[in-house]
Amino acid sequence: MATVELSFSALPVHVRTARLIVTAVARRSGVAEPLLDEVRLAVGEACSRAVEAHRRHCPDEPVRLELSGADRRFEVTVSDTVPGDDATGGLPTPPDAAEFEYGLGEGTAELGLAVIAGLADDVEIAATPKGVQIRMSWPAEAEATI
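Predicted model only: the values in this text are computed from it and were never measured.

Q: Explain the packing of helix α1 (residues 13–28) against helix α2 (residues 33–57) to me, and be specific about the residues and the numbers.
A: Across the interface, α1 lies against α2 with an axial gap of 9 Å and an inter-helix angle of 145 degrees. α2 is crossed by α1, and the crossing has right-handed handedness. Facing V15, A18, R19, V22, T23, A26 and R27 of α1, the residues of α2 in contact are E33, L36, V39, R40, V43, G44, C47, S48 and V51. Taken together, the residues that form the contact of α1 with α2 break down as nine nonpolar, three polar and four charged.

Q: So what's going on with the pattern of salt bridges? Which residues, and what values?
A: A complete count under the given rule lists eight salt bridges for this structure. Across the pair D121 and R73 runs a salt bridge, and its minimum N-O distance is 2.8 Å. Of this pair, D121 sits in the loop between α3 (107–119) and β4 (122–128) while R73 sits in strand β3 (residues 73–79), and the two are 48 residues apart along the sequence. For R73, a relative accessible area of 26% corresponds to the partly exposed category. In the salt-bridge network here, residues are joined through shared partners; they are E75, D122, E124 and R135.

Q: Account for the side chain of S137, with residues named and values stated.
A: By secondary structure assignment, the location of S137 is in strand β5 (residues 131–139). According to the relative accessible area criterion, S137 is buried, its value standing at 3%. Looking at S137, its side chain comes within polar contact range of the side chain of R73, at 2.8 Å. Filtering out sequence-adjacent residues up to four positions away, S137 remains in contact with R73, F74, E75, A120, D121 and D122.

Thresholds, definitions, all that
Residues numbered from 1 in each chain as written. Predicted model: local features only at pLDDT ≥ 70, side-chain atom pairs only at ≥ 80, totals over all residues. Heavy atoms only, no water. Axes fitted to C-alpha atoms, helices over the stretch in contact; angles between N-to-C directions. Helix = DSSP H or I, 4+ residues; strand = E, 2+ residues; numbered from the N terminus. Left-handed = near helix turned anticlockwise from the far one by under 90°. Contact = heavy atoms within 4.5 Å. Nonpolar A, V, L, I, M, F, W, Y, C, P; charged D, E, K, R; others polar. Salt bridge = Lys/Arg side-chain N within 4 Å of Asp/Glu carboxyl O. Buried < 20%, exposed > 50% of the residue type's maximum accessible area, 1.4 Å probe, protein only. Polar contact = N/O pair within 3.5 Å; in protein donor to acceptor, adjacent residues only side chain to side chain.

This is a description of form; function is not addressed.
If you want it as structure tokens, here you go:
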């Protein structure tokens, strides 16, 4: 599958559109129907977190998504341009999917990351001076049709 890139204004209304697009691409990439709700929900949480961080720190900068597939995996990366220390409480790399002690100080952000970790098959969170990236992936049964 070729990489699909999407960027949108940091407005909550655009999160729904991003979820719809990602779900459609996941379906076309071979993600099993029962997993599509998990993809939609996890991407919605990651996009909502990025939108909120942007609205607080850089409302004119777009949120970015990258969708790709390789080796029978469908991968979504949600990126913001809020430095890790400035993002909603900061986001250190999670030590383990079973541990949700991110030290965020805000229950909503911590809960959102816990939801993402519970829904995605594989999750990596990277907080850098350039922004925060949440990479999620799921198995894709069939070969990509895109």
